[in-house]
Amino acid sequence: MYQYIIKTGDKMTIDTPFCKSKSDIKEEIISRSVDCTHMRMTYPNGFIVETIALLDKTIFETNRELIDNGNGHFTVSD
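What counts and how
- Residues numbered from 1 in each chain as written.
- Predicted model: local features only at pLDDT ≥ 70, side-chain atom pairs only at ≥ 80, totals over all residues.
- Heavy atoms only, no water.
- Phe/Tyr/Trp six-rings, centres within 6.5 Å; stacked < 30°, edge-to-face > 60°.
- Helix = DSSP H or I, 4+ residues; strand = E, 2+ residues; numbered from the N terminus.
- Buried < 20%, exposed > 50% of the residue type's maximum accessible area, 1.4 Å probe, protein only.
- Contact = heavy atoms within 4.5 Å.

Asks: Is there a simple way to think about the packing of aromatic side chains in this case?
Replies: The geometry of an aromatic ring pair is captured by the separation of the ring centres together with the interplanar angle, meaning the angle of the planes. Across all of its chains, the model carries four aromatic pairs by this definition. With a centroid separation of 5.9 Å and an interplanar angle of 80°, the aromatic rings of Phe-18 and Tyr-43 are classed as edge-to-face. Taken together, the residues Phe-18 in the loop between strand 2 (13-15) and strand 3 (26-33) and Tyr-43 in the loop between strand 4 (36-42) and strand 5 (48-54) connect sequence positions 25 residues apart. Of the residues examined, Phe-18 reaches a relative accessible area of 32% and is grouped as partly exposed.

Asks: Which parts of the structure should I look at to understand the environment of His-73?
Replies: Among the secondary structure elements, His-73 is positioned in strand 8 (residues 73-76). Looking at His-73, the relative accessible area reads 33%, which means it is partly exposed. Residues His-73 and Asp-15, 58 residues apart in the sequence, show an inter-C-alpha distance of 7.1 Å. Excluding residues that lie within four positions of it along the chain, His-73 makes contacts with Thr-13, Asp-15, Ile-67 and Asp-68.

Here's what the structure looks like:
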């Protein structure tokens, strides 16, 4: 897994041109508490993103490396 940490208030966008509809993404809430939400999103092509949203940061864990395109935009590597 690859890990990316974004401070609260910063923006991160993962470009997913291989997914045409949000309804194709399987979303699961793994756990939720007052100060933490842990979710997993599984795309039709097998790409997985887990997010752990804390009060001061969000941790993104992916099964494929992300390419930083600048300005908070990332592309999934093949």
